[in-house]
Amino acid sequence: MNNMVNNMDKKNQKLLEVKDLRVSFFTPVGEVKAVGGISYDLNYGEVMGIVGESGSGKSVEAYAIMGLLQSPGKVVGGSITFDGEDVLAKSEKEMQAFRGNQVSMIFQNPMTCLNPVYTIGDQLIEAIRCHKKISKAEAREKSIEMLKLVGINNPERRMNQYPHEFSGGMRQRVMIAMGLICDPKMLIADEPTTALDVTIQAQIIELMKDIQQKTQMAIIFITHNLGVVAEICDRVTVMYAGKIVEQGNVEDIFYRPHHPYTMGLLRSMPRLDAEEYERLIPIEGTPVDMLNPPAGCPFGPRCEHCMKICLRREPPQIDLGNGHTAACWLLVDEAKRLAKKEETPNE
Amino acid sequence: MMKFIAKRVAQALIVIFLITCITFLLMNLVPGGPFLSEKSPSPQVLAALEAKYGLDKPVPVQLKNYIVHALQGDFGVSMKMQKNRPVGTIIMEMFPVSAKVGIIALVGAVLIGVPIGCIAAYYRGTWIDSALRVLTTIGVSIPGFVVATVLLILLGSTWKLLPTVGLTSWKSYIMPCFSLAFYPMCYIGRLARSSMLDVINQEYIRTAKAKGVPTFKIVFKHALRNAFIPVLTYLGPLTAGILTGGFVVETVFNIPGLGRYFVQSILNRDYPIIMGTTIFLASFIVTMTLVVDILYKAVDPRIDLAKGGSR
């Protein structure tokens, strides 16, 4: 928890700055622009949710930050600045020192993410000793401490066990312990609860919230589960077809969504306070074919408010104030009106 | 664990017993005999010789006698090749010669073959992978005697770099060991490559990368151990086979090893030697298979030996 003080001090300072990031997959049938120019910032100690359906580029974007993109995936443009350093300019050696130490990542499926032939202890100790020059005994102690932190009973004994002796939820706890063991400044959680059943999901979310409060570490939480986002995040980025369609703090996104896609997502989510006659409304149509993305707004063909311009030109990001932005032609007029409103009191 | 080993040892004894019986019967079905050659002895001498070695009795009785003696540790004496020397002594004299060449070849095959597979898998699709694949494909398709002969002609005869016959200095080990190791090396390389390819795309490899583990360690620690089972399976019989010597290599390089002797004993119908070498080789293979099965557990902790050694 050495970083804690650090993280507290720097609150409201930029930790991660992604600018116009573009990632493409060069497949035999053509270039797939999985991430088509996205920009966002993340402050120290902030929790940001990245929401989107499968194939919206949310995981790919995270892999790009970690330098874990696999061929044929490639960053083709933009910049990633982490704690003042250009991540994309780092050599493979520097990336090895960066991964797990500055930023760590936990993955979707805990059942297959731990190496089956090494003990949990081995894998935890390795995670520390990759970055810190400490003795095995110290590393072991630290590992046991981390296992306790993530709520694993009897950690001394558990250290000598193999992954197949753990349940799914327990393995995800181990993954979290492994991710946190070097006190990273940021954790990327790539759908960490998707593969778990609902009660375990709740426990893991609770655990992550708890740890975030203790460590004040920044988290990027990638998910397609809006409920999870509401639970844990400060800010939300909604992605669609490799682009950010709306961005803002949790209240703005949930109570004042401005992009039709965000609204659609919210309408298709079950709510406790829904009336009995209310139905879940799915978003019509199918996700974009990323090999042939439409010319204008990627969501255009599925959008109920689609206008002519939407199919021809890409909408600009409209600033709605308070860090809330959305990319939609519908908002262009609204933005003008808002701007006017702000001007009026000054006159 | 002990129960597993006991069970397997019992099975092994049955296997060796069956091999003994079958070999004995087949051996007697083949026409000819140890004392028949171009200058066959007179019928009286032949009868006397057969009576001396017990060959005049019916085959089942001979088999029974052989087994009874074998259980007492007596594997008979050579009838022809090294007349009247005990088979056990002959094998123990020949085996170390073969084993010495064999161990070097085996270690070389593993130490080069496994990294070849790992590197090819890591650089899959690149020219490195292609080059290694060409090499290993050549290795598994060229017969051993071609490798041995080509080496002999080039290094031994044309360029006179290495001695061609016998095992006199360390230099004379190079060609036989290489000839013996080339096929298994390439085969191991191919095995390791295909199983590494499977492992390298697993999610735990990505986890290791995300932890910041250096590439070398990812390949040779995280991936290799998971990919090693198929290689290990092959290593069992290979060890037995390679340590008892290759007939071709021992013949080409004129090494007085067990492999060559085994084949010569068949050509000479030296029955006790055929039986002795067969039982020796069979026991060796059975033992190595058992060792490999036990090692599975060491490589992959998920394997439960009690349940028949499956994952």
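Residues numbered from 1 in each chain as written. Chains lettered and ligands numbered in written order. Predicted model: local features only at pLDDT ≥ 70, side-chain atom pairs only at ≥ 80, totals over all residues. Heavy atoms only, no water.

*Asks:* What is the right way to look at the overall build of chain A in this model?
*Replies:* A count of helices and strands for chain A gives 14 helices and 12 strands. Evaluated residue by residue, chain A yields a buried proportion of 52% over its 347 residues. In chain A, the proportion of contacts linking residues at least 24 apart, taken out of those at least 6 apart, comes to 65%. Only carbon and sulfur atoms are counted for the fraction: they give 50% of the accessible area of chain A, which is about 16,300 Å². (Helix = DSSP H or I, 4+ residues; strand = E, 2+ residues; numbered from the N terminus. Buried < 20%, exposed > 50% of the residue type's maximum accessible area, 1.4 Å probe, protein only. Contact = heavy atoms within 4.5 Å. Areas by Shrake-Rupley, 256 points an atom, 1.4 Å probe, with all protein chains shown as cover.)

*Asks:* I would appreciate a short explanation of the overall build of chain B in the present structure.
*Replies:* Of regular secondary structure, chain B possesses 12 helices and 0 strands. The helix and strand sequence of chain B, counted from the amino end, reads α-α-α-α-α-α-α-α-α-α-α-α. Projected onto the principal axes, the alpha-carbon positions of chain B cover approximately 85 × 60 × 30 Å. Buried residues in chain B amount to 46% of all 311 residues. Considering only intrachain contacts with a sequence separation of at least 6, the fraction spanning at least 24 residues in chain B is 71%. Accessible area for chain B stands at about 15,500 Å²; split by element, carbon and sulfur atoms hold 70% of it. When the 29 positive and 13 negative side-chain charges of chain B are each reduced to one mean point, those points stand 8 Å apart. (Lys, Arg positive; Asp, Glu negative; His and termini not counted. Charge placed at Lys NZ, Arg CZ, Asp CG, Glu CD.)

*Asks:* Please clarify how the layout of surface pockets should be interpreted in this entry.
*Replies:* Rolled over the atoms, a probe with the dimensions of a water molecule shows which regions are left empty. If you add up the space inside the largest pocket, you get close to 690 Å³. Forming the walls of the largest pocket are 27 residues, and the residues nearest its centre are Gly67, Leu69, Gln70 and Glu92 of chain A together with Lys209 of chain B. Within the residue set of the lining of the largest pocket, elements represented by two or more residues are α2 (58-66) and α3 (92-98) of chain A together with α8 (203-211) and α9 (215-243) of chain B. For the lining of the largest pocket, the per-class residue count stands at 15 nonpolar, 7 polar and 5 charged. (1 Å grid on protein atoms, 1.4 Å probe; cavity = no way out; pocket = protein on both sides within 12 Å on 5 of 7 lines; lining within 4 Å. Points joined across faces, edges and corners; volume = space filled by probe spheres on them. Nonpolar A, V, L, I, M, F, W, Y, C, P; charged D, E, K, R; others polar.)

*Asks:* How should the sheet that holds strand β2 (residues 30-43) of chain A be read in this particular structure?
*Replies:* Hydrogen bonds between backbone groups are what pair the strands of a sheet, and the pairing can be parallel or antiparallel. All names here are of chain A. The strand order across the open sheet formed by 4 strands is β2-β1-β4-β5, and the pairing between neighbours is antiparallel. Both edges of this open sheet fall to β2 and β5 (85-86), since each of them pairs with a single strand only. Sheet contacts for α2: β1 (14-27), β2 and β4 (73-82); angle to β1, the most-contacted strand, approximately 110°. (Pairing = 2+ DSSP bridges. Axes fitted to C-alpha atoms, helices over the stretch in contact; angles between N-to-C directions.)

*Asks:* Would you mind going over the packing of helix α4 (residues 87-122) of chain B against helix α12 (residues 271-299) of chain B with me for this structure?
*Replies:* Two packed helices can be described by the angle between their axes and the distance between those axes. Residues and elements named next belong to chain B. Put simply, α4 and α12 touch, their axes get as near as 10 Å, and they point 55° apart. The angle between the axes of α4 and α12 places the two elements in the oblique class. For the element pair α4 and α12, the recorded crossing hand is right-handed. Between α4 and α12, the residues in contact are Val87, Ile90, Ile91, Met92 and Phe95 and Pro272, Ile273, Gly276, Thr277, Phe280 and Phe284, respectively. (Parallel < 35°, antiparallel > 145°, perpendicular 65-115°, else oblique. Left-handed = near helix turned anticlockwise from the far one by under 90°.)

*Asks:* Sorry if this is basic, but what is going on with the pattern of salt bridges here?
*Replies:* Side chains carrying opposite charge are able to pair once their charged atoms draw close together. Residues and elements named next belong to chain A. Counted according to the given criterion, the structure contains 24 salt bridges over all chains. In this structure, glutamate 17 and lysine 19 form a salt bridge, with 3.6 Å as the shortest nitrogen-oxygen distance. For lysine 19, a relative accessible area of 48% gives the class partly exposed. In this structure, glutamate 92 and arginine 99 form a salt bridge, with 3.0 Å as the shortest nitrogen-oxygen distance. Because the salt bridges share partners, they merge into one network encompassing Lys14, Glu17, Lys19 and Asp41. (Salt bridge = Lys/Arg side-chain N within 4 Å of Asp/Glu carboxyl O.)

*Asks:* Just to check I follow, could you spell out the interface of chain B and chain A for this structure?
*Replies:* Contact residues are listed per partner, giving 20 residues for chain B and 27 residues for chain A. Both faces considered, chain B and chain A share a buried interface measuring about 2,300 Å² in area, 54% of it formed by carbon and sulfur atoms. For chain B, the biggest contributors to the area lost against chain A are Arg206, Ala210 and Lys211 of chain B; these three give 27% of the whole. If you look at where chain B meets chain A, you find 3 salt bridges. The partner of lysine 211 of chain B in a salt bridge is glutamate 126 of chain A, and the shortest N-O contact between them spans 3.0 Å. Connecting chain B to chain A are 16 residue pairs in polar contact (both at pLDDT 80 or more). Breaking the side of chain B that touches chain A down by element, the ones donating at least two residues are α8 and α9 of chain B. (Buried area = accessible area lost by both parts, 1.4 Å probe. Polar contact = N/O pair within 3.5 Å; in protein donor to acceptor, adjacent residues only side chain to side chain.)

*Asks:* Just checking my understanding: could you explain the sheet that holds strand β12 (residues 325-327) of chain A for this structure?
*Replies:* Residue and element names in this part refer to chain A. Taken in spatial order, the 8 strands line up as β6-β7-β8-β3-β9-β10-β12-β11 in an open sheet, and their pairing is mixed. On the outer flanks of this sheet lie β6 (103-106) and β11 (317-319), each paired with one strand and no other. On average, each strand axis in the sheet is tilted by 20° relative to the strand beside it, whichever way the strands run. Bridge count for β11 against β12 is 3 bridges, and the pairing is antiparallel. Along β12, the bridge assignment pairs isoleucine 318 with alanine 326. Each of β3 (47-51), β6, β7 (186-190) and β8 (218-223) touches helix α9 (residues 198-215); the most contacted strand, β8, lies at about 160° to it.

*Asks:* I'm lost on helix α5 (residues 127-141) of chain B in this one. Help?
*Replies:* An α-helical turn contains 3.6 residues, so any two residues separated by three or four positions project in the same direction. Residues and elements named next belong to chain B. With 15 residues, α5 should cover 21 Å at 1.5 Å per step; its first-to-last C-alpha distance of 21 Å lies within 8% of that length. Restricting attention to buried positions, one finds in α5 the residues Asp129, Leu132, Thr136 and Gly139. Burial along α5 is one-sided: seen end-on, the buried residues are contained in an arc of 90°. Along α5, the residues that are exposed and aim more than 90 degrees away from the buried face are Trp127 and Ser141. (Expected span 1.5 Å × (residues − 1). Arc of directions from axis to C-beta.)

*Asks:* It is not clear to me how the side chain of threonine 119 of chain A should be interpreted in this structure. Could you clarify?
*Replies:* You can see threonine 119 of chain A is positioned in the loop between α4 (110-113) and α5 (120-129). With residues near it in sequence (within four places) discarded, threonine 119 of chain A still touches Met159, Asn160, Gln161 and Tyr162 of chain A.

*Asks:* How should the pairing of β6 of chain A be read in this particular structure?
*Replies:* Each regular strand carries side chains that alternate between the two faces of the sheet. Residue and element names in this part refer to chain A. Burial of the side chains of β6 extends over both faces: Val103 and Met105 are buried on one face and Ser104 and Ile106 on the other. Inspection of the sheet shows β6 paired to β7 by 4 bridges, in the parallel sense. By the bridge assignment, isoleucine 106 is partnered in β7 with alanine 189.

*Asks:* Is there a simple way to think about the packing of α9 of chain B against α12 of chain B in this case?
*Replies:* Residues and elements named next belong to chain B. Viewed as axis vectors pointing N to C, α9 and α12 meet at an angle of 165°, and their least axial separation amounts to 8 Å. Judged by the inter-axis angle, α9 sits roughly antiparallel to α12. Classified by chirality, the crossing of α12 by α9 is right-handed. Residue-level contacts link Arg225, Phe228, Ile229, Leu232, Thr233, Gly236, Thr239, Ala240 and Leu243 of α9 to Leu281, Phe284, Ile285, Met288, Val292, Leu295, Tyr296, Ala298 and Val299 of α12. A breakdown of the residues in the contact of α9 with α12 according to their chemical character gives 14 nonpolar, 3 polar and 1 charged.

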